[in-house]
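The primary structure of each chain is shown beneath.
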Amino acid sequence: MSVQTVSTTSFAGQEPGTSGLRKRVEVFQQARYLENFVQSIFDSLDSLEGKTLVLGGDGRFHNRAAIQIILRMAAANGCDRIMIGQNGILSTPAVSCLIRKYQAYGGIVLSASHNPGGPDGDFGIKFNISNGGPAPEKITQAIYERTLSITAYRISDAPPVDISRPGTTRMENMEIVVIDPVSDYAEMMRAIFDFDAIRRLFAGGFRMRLDAMNAVCGPYATRIIESELGAPVGTVVHEVPLEDFGGHHPDPNPVNAHELVAYMKTPAAPDFAAATDGDADRNMILGQGIVLTPSDSLAILAAHATRIPGYAGGLAGVARSMPTSTAVDRVAAEMNIPCFETPTGWKFFGNLMDAGKITLCGEESYGTSSAHIREKDGLWAILFWLNLIAVTGKSVNALASQHWAHYGRNYYSRHDYEQVREDKANALMRALREKLSALPGKRYATRAVTLADDFCYLDPVDHSASENQGVRILFSDGARIVFRLSGTGTVGATLRIYYECFEPDTRKHDDDPQIALASLIATAQEIADIAGYTGMSAPTVIT
Ligand code: G1P
Ligand code: ZN
């Protein structure tokens, strides 16, 4: 075994997006592509000597090959110890949990989250820091800059390591510890939730379906929900992680999980259902006949948090990404706790949690979590709902109606326009930005614009500013339209438009959101000429 220094030249475009570097598998399969990025991560950090790293991924195609390369590079770069999930499997929340529990220096997550997998799908890599959360922008920027000037990488010529069984081996001076991917995470869940109450719920005949979409949540959900909490075998479906996710698009939204949505409308529907994404950090919550919006889910969890053992002491504060609906703001106001509005992307919540300013947070994109880790956590959200149903004896539907009756309903929907030509998408955003200063005071249908800007976030902890985080147009009645371009797509540009309006009247709480939002959708078209720029008369995905 020896360490080699291999000459390389830089690749264009290795810039991490909203959540790490994501590209088509064939891009990652190019010689030196992954190596350059991994060396750039290591070069952007302090020396790895004496340090522990955590490594794992969602099991998608290229995971195993990438893991062997990263092990050899970590060993060559002087890393002391690396903890790796058996068979290279670790959910994103489990990586965060392990980094914190074992006080690791950081972790590498191999996932493209909810993007499709397989040889023709996407692959991704993300670095998490010692608080267990995604690297902040100053680190991702340093990594990107390093990729532009890199001339060599270090790698051991050691043979492949068997990661199929727990145990310890060595490579160069590095210890490789293969661990059971589930047990530390399960222990953490046991400490937060009332497992006895959930066990009684299942023992009483409560029925649930959890669709793991042949992605990484399967092993976690079967162990915790079936083996430990006593749900019948078969409660978790699509529970085996597959390299191509069985052809599923592992993004838990009503479009991709349409089978589950349809099943929840049949007479055979169980009491409760949920779905998770590729790396198990996202969740979708369903009741009989309904899909809850993530924004409502966050607000309801916040409103009831003190009924959960892990949050019995109350919430320090809450946070949501800017495009997420303001439903949780109403809960925070009533609880008299702060509510922070951050840019899209989980990395912005980390500082608030580290500073003890927030306990719960979430995004409209099916992400919810708390300060137990520094990532969003799909199974945590599902267990939270189970615990809530167990202690209140109420269904998802009943809890949602009760919430809207008390706080009013924030109708919400996101419209995505995928694979738009990049120049057209940029032109739309540019034209919109140029219009902003003229919008306040203008009337559209029954509403007047009160504020129109490009969201800029001033981090209250480290005082850094993040500019151009999405165009928002606010109206006098609390309605909002937000426009931004996706930072995670891999083909062309994806334009996301987020719509929200507030309805205090209980008699109007059962409308179809698309109908409740129709006048706002027409206003967006009028202001931004979406059809003109995109050439599309309708969005490709509505959630
Ligand atoms: C999307 C979501 C965002 C989430 C991110 C990573 O990013 O919109 O909320 O944090 O995936 O899961 P986007 O493609 O919009 O940049
Ligand atoms: Zn994910």
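Look up: the structure comes first, before these words.
Here goes a summary of the coordinates provided. For every chain, the first residue of its written sequence is number 1, and the numbers climb from 1 along that sequence. Each chain gets a letter, beginning with A, and each ligand a number, beginning with 1, in the order they are written. Given that this is a predicted model, residues contribute local features only at a pLDDT of at least 70 and side-chain atom pairs are listed and counted only at 80 or more, while totals for whole chains, interfaces and linings are drawn from all residues. Excluding hydrogens and water, the side-chain values take into account all heavy atoms of the structure.

A single heavy atom is enough: if one lies within 4 Å of a molecule or strand, its residue is considered near that molecule or strand. Near ligand 1 you find 16 residues, and of these Thr18, Ser365, Arg484, Thr488 and Arg496 are the closest. Whenever two N or O atoms come within 3.5 Å, that pair is a polar contact, provided that in protein one can donate a hydrogen and the other can accept it, and provided that, for residues adjacent in sequence, both atoms are side-chain atoms. One of the side-chain N or O atoms of Arg282 is found 3.0 Å from an oxygen atom in ligand 1. In the model, an oxygen atom of ligand 1 is placed 2.8 Å from a nitrogen or oxygen of the Lys376 side chain. Considered on its own, ligand 1 offers 380 Å² of accessible surface; in the complex 98% of this is hidden by protein. Areas reported as accessible are Shrake-Rupley estimates using a 1.4 Å probe. Residue values count occlusion only from the protein chains shown.

Okay, helix α3 (residues 63-76) next. When the terminal C-alpha atoms of α3 are compared, their 20 Å separation across 14 residues agrees well with the 20 Å that a helix rising 1.5 Å per residue should span. Under the scheme applied here, a residue whose accessible area is under 20% of the maximum for its type counts as buried, over 50% as exposed, and between as partly exposed, the area being computed with a 1.4 Å probe on protein chains only. Here a helix means four or more residues in a row that DSSP labels H or I, a strand means two or more in a row labelled E, and each is numbered from the N terminus. Burial runs high along α3: 11 of the 14 residues are buried. Listed in full, the buried residues belonging to α3 are Asn63, Ala66, Ile67, Gln68, Ile69, Ile70, Leu71, Met73, Ala74, Ala75 and Ala76. Backbone geometry just after α3 places Gly78 at a positive phi near 85°. One less than the residue count of a helix, multiplied by 1.5 Å, gives the span that helix is expected to have.

So, about the pairing of strand β12 (residues 272-276). Of all five residues in β12, five are buried; the element is thus mostly enclosed. Of the two faces of β12, the one lined by Phe272, Ala274 and Thr276 and the one lined by Ala273 and Ala275 are each fully buried. Note: two strands are recorded as paired if DSSP finds a minimum of 2 bridges between them. Relative to β12, strand β10 (residues 208-211) runs parallel, the two sharing four bridges. Counted as the bridge partner of Arg209 is Ala273 from β12. Of the strand pairs in this sheet, β12 and strand β13 (residues 283-287) are connected by four bridges, and their pairing is antiparallel. By the bridge assignment, Ala275 is partnered in β13 with Met284. From the end of β12 to the start of β13, which pair antiparallel, there are six residues, and Ala280 there has a positive phi angle of about 65°.

Here we take up unusual backbone geometry. The phi dihedral of Gln419 falls on the positive side, at around 50°, and the residue is not glycine. Structurally, Gln419 can be placed in strand β19 (residues 409-420). Among the residues examined, Gln419 registers a relative accessible area of 60% and is labelled exposed. Of note in the backbone geometry, His463 takes a positive phi value of approximately 65° without being a glycine. With respect to the helices and strands, His463 occurs in the loop between β22 (457-458) and β23 (465-466). Classification of His463 as exposed rests on a relative accessible area of 62%.

Residue types Ala, Val, Leu, Ile, Met, Phe, Trp, Tyr and Cys, when buried and joined through side-chain atoms within 4.5 Å, form a set referred to as a nonpolar core. Counting 71 residues, the largest nonpolar core has Ile225, Leu379, Trp380 and Leu386 as its most contacted members. When residues of this core are assigned to their parent elements, the largest contribution, 10 residues, is made by helix α13 (residues 378-392). With residues near it in sequence (within four places) discarded, Leu379 still touches Tyr185, Leu210, Cys217, Tyr220, Ala221, Ile224, Ile225 and Ala280. Formed by 44 residues, the second largest nonpolar core is a distinct cluster that contains Phe11, Ala135, Ile139 and Ile155. Contact between two residues is taken to exist if any of their heavy atoms lie within 4.5 Å; hydrogens are not considered.

Spatially, β11-β10-β12-β13-β14 is the arrangement adopted by the five strands of the open sheet, whose pairing is mixed. Across the chains shown, the open sheet's two edge strands, defined by having one partner strand only, are β11 (236-237) and β14 (290-291).

Attention now moves to the sheet that holds strand β9 (residues 174-179). Strand order in the open sheet formed by seven strands is β2-β6-β5-β3-β4-β9-β8, and the pairing between neighbours is mixed. In the strand order of this sheet, the two ends are held by β2 (21-24) and β8 (167-171), each with one partner. On average, adjacent strands in this sheet sit at an angle of 20° to one another, irrespective of strand direction. Across five bridges, the pairing between β8 and β9 is antiparallel. Pairing of Met171 across the sheet is with Met174, part of β9. The strands touched by α3 are β3 (52-57), β4 (81-89), β5 (106-110), β6 (122-128), β8 and β9; relative to β4, the strand with the most contacts, the crossing angle is about 170°. In this analysis an axis means a line fitted to C-alpha atoms, helices contributing only their contacting stretch, and an angle means the value between N-to-C directions, from 0 to 180 degrees.

Quick look at the coordination of the zinc ion (ligand 2) now. Around a metal, the ideal angle is 109.5 degrees if four donors adopt a tetrahedral arrangement and 90 or 180 degrees if six donors adopt an octahedral arrangement. For Na, K and Ca the donor cutoff is 3.2 Å, while for all other metals N, O and S atoms count as donors only within 2.8 Å; water does not appear among the atoms, so some sites may look incomplete. Protein ligation of the zinc ion (ligand 2) involves Ser113 (OG), Asp277 (OD), Asp279 (OD) and Asp281 (OD), the donor distances falling in the range 2.0 to 2.1 Å. One can describe the site at the zinc ion (ligand 2) as irregular: its four donor atoms subtend angles covering 89 to 162° at the metal. For the zinc ion (ligand 2), the single-chain donor residues occur in sequence as S-x163-D-x1-D-x1-D. Labels for metal geometry use angle windows, namely 85 to 135 degrees for all angles of a four-donor tetrahedral site, and for square planar (four donors) or octahedral (six donors) sites opposite donors over 155 degrees apart plus all others within 65 to 115; sites meeting none of these are irregular.

Another aspect to go through is the state of the cysteines. Criterion for a disulfide: a pair of cysteine sulfur atoms at a distance within 2.5 Å. Following the criterion strictly, the structure yields zero disulfides and no others. Its sulfur unpaired, Cys79 is 19 Å from the next cysteine sulfur, which belongs to Cys97. Of the residues examined, Cys79 reaches a relative accessible area of 1% and is grouped as buried.

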